[in-house]
Amino acid sequence: MTLHLSAVVTSSTKSVGSACIVRQFRHTDFSQGMSPLVLVDHFVMTGPTFEPHPHAGISAATLLLEDSTGTMQSLDSTESNDEIRAGDLLWTLAGRGIVHAQRPAGEARLHGLQVFIDLPERLKSQPASTSLLRAWEMPVIQTDAGRVRVVSGSYGGWDSPLQTPEPLLLLDGWLRPGATTLVPVPPGWTAWVYAVQGDLGVRARHCCKGAVPLPKMSGGDPDFAVLTEGAAVAVRAAPDGEEGVLVLMAGRAPAHFVLIAAPAIDAPVIPRGASAAADQQALTQALAAYEAGDFDASPQHLTAA
């Protein structure tokens, strides 16, 4: 079997402070993990929530969805000061360590995802950096089936200009009722599929052409999952198999989905908050460096309005 679908994971909303609600997905929620993803937060924020906090050993991507209103201000210890607007993506390579804060700039309703992505060991000691990709820079594929924004990676013959430390595909798409779209999954990659709005069917095809269906099993169809709003599934592609294909299908109403796919990192990951390391010693050292002020944070800069 080339592709293996996890059980569907549904996350309920919870409040973070008085001005933010979040649906959260952790890598431990999925039977085979969701490597290289460590954590995904789907949030709606109307007031200050993500005040100065550290990251290390990961990349952190903040994607504001297109129905956001207002602006998010992002400040970090590299002295970047970015304004993120509807549809934009801010990529933060935390590397050996960064401190940042993200908050609404004035009146806003910020709707988006924060995605925390593990880094291979060789990149965990890199200096921190950030890059901002505007919505208008992202390729948009419009077909009879719907509309897909290619936020990162290559899809449908289009390439996002975003430069990521490792290959990563990030799609933000809408499907019309009953419509389908196909997403290839290379060997050794993991895909994470999330239903932002509406119901979404996910069908695994184990090769691009001529796939033979698996026999039905007593527990249901292992190649098919239905995601209701707020649910996600992780799909692991065998490293020695053929390229597989995911068929995404909208139900009777339009479906809004986010798909993130990347090569799995077959190494241990120990998360602590929004940092991650391969072992406890490395994680302890990173947190000690933060406490000692080695992330070069400027309190005045991070608290600037």
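Structure's up top.
How each quantity is defined
Residues numbered from 1 in each chain as written. Predicted model: local features only at pLDDT ≥ 70, side-chain atom pairs only at ≥ 80, totals over all residues. Heavy atoms only, no water. Helix = DSSP H or I, 4+ residues; strand = E, 2+ residues; numbered from the N terminus. Buried < 20%, exposed > 50% of the residue type's maximum accessible area, 1.4 Å probe, protein only. Contact = heavy atoms within 4.5 Å. Areas by Shrake-Rupley, 256 points an atom, 1.4 Å probe, with all protein chains shown as cover. Pairing = 2+ DSSP bridges. Axes fitted to C-alpha atoms, helices over the stretch in contact; angles between N-to-C directions. Core = buried A, V, L, I, M, F, W, Y, C linked by side-chain atoms within 4.5 Å. Polar contact = N/O pair within 3.5 Å; in protein donor to acceptor, adjacent residues only side chain to side chain. Phe/Tyr/Trp six-rings, centres within 6.5 Å; stacked < 30°, edge-to-face > 60°.

S.K.: Is there a simple way to explain the overall build of the protein in this structure?
M.R.: Each helix and strand in the protein was counted, giving 2 helices and 27 strands. A buried classification covers 53% of the 305 residues belonging to the protein. Considering only intrachain contacts with a sequence separation of at least 6, the fraction spanning at least 24 residues in the protein is 77%. Accessible surface computed for the protein: about 13,400 Å², of which carbon and sulfur atoms make up 52%.

S.K.: Looking at this structure, how should I read the sheet that holds strand β9 (residues 81-84)?
M.R.: As a general point, the strands of a sheet are linked pairwise by backbone hydrogen bonds and lie either parallel or antiparallel. With respect to topology, 4 strands assemble into an open sheet ordered β6-β11-β8-β9, the strand pairing being antiparallel. With one partner strand each, in any of the chains shown, β6 (50-55) and β9 form the two edges of the open sheet. The mean inter-strand angle of the sheet, taken between neighbouring strand axes irrespective of direction, is 20 degrees. The pairing of β6 with strand β11 (residues 98-104) spans 4 bridges and is antiparallel. Each bridged residue has a counterpart across the sheet, and for F50 the counterpart in β11 is Q102.

S.K.: Teacher, can you tell me more about the pairing of strand β20 (residues 189-197) here?
M.R.: Within a regular strand, side chains alternate between the sheet's two faces. For β20, a buried count of 8 out of 9 residues is recorded, marking the element as mostly surrounded by other parts of the structure. For β20 and strand β25 (residues 255-263), the ladder comprises 8 bridges, and the chain directions are antiparallel. From the neighbouring strand, Y194 faces β25, where its bridge partner is V258. In terms of strand pairing, β20 meets strand β23 (residues 231-237) through 5 bridges, oriented antiparallel. By the bridge assignment for β23, A191 is matched with V235.

S.K.: I keep staring at the nonpolar core and nothing clicks. Help me out?
M.R.: Core analysis: the biggest nonpolar cluster contains 33 residues, and L171, V193, L200, L246, L248 and L259 have the highest contact counts within it. Those residues within four positions of V193 in sequence are excluded, and the remaining contacts are L200, V202, L227, A231, A232, V233, L246, L248, V258 and L259. L113, L119, L133 and L170 belong to the second largest nonpolar core, which has 31 residues in total.

S.K.: Help me understand the pairing of strand β21 (residues 200-205) in this model?
M.R.: As defined by bridge partners, β21 adjoins strand β22 (residues 224-227) across 4 bridges and the pair is classed as antiparallel. Paired with G201 across the two strands is V226, which belongs to β22. With 6 bridges connecting them, β21 and strand β24 (residues 244-250) associate as antiparallel partners. Residue pairing across strands places G201 opposite M249, the latter belonging to β24.

S.K.: Please clarify how the side chain of R149 should be interpreted in this entry.
M.R.: Here R149 shows up in strand β15 (residues 146-152). Engagement of the side chain of R149 in a polar contact is seen with the backbone oxygen of G87, the distance being 2.8 Å.

S.K.: Could you clarify how one ought to interpret the packing of aromatic side chains in this entry?
M.R.: When we look at a pair of aromatic rings, we describe it by the centre distance and by the angle of the planes. In the structure shown here, the tally under the stated rule is 3 aromatic pairs. Measuring from ring centre to ring centre gives 5.3 Å for F25 and Y194, while their planes differ by 70 degrees; the resulting arrangement is edge-to-face. Of the two residues, F25 sits in strand β4 (residues 20-26) while Y194 sits in strand β20, which places them 169 residues apart along the sequence. Neither F25 nor Y194 differs from the other in exposure class; each is buried. Grouping aromatic residues by their ring pairs yields a cluster made of F25, W192 and Y194.

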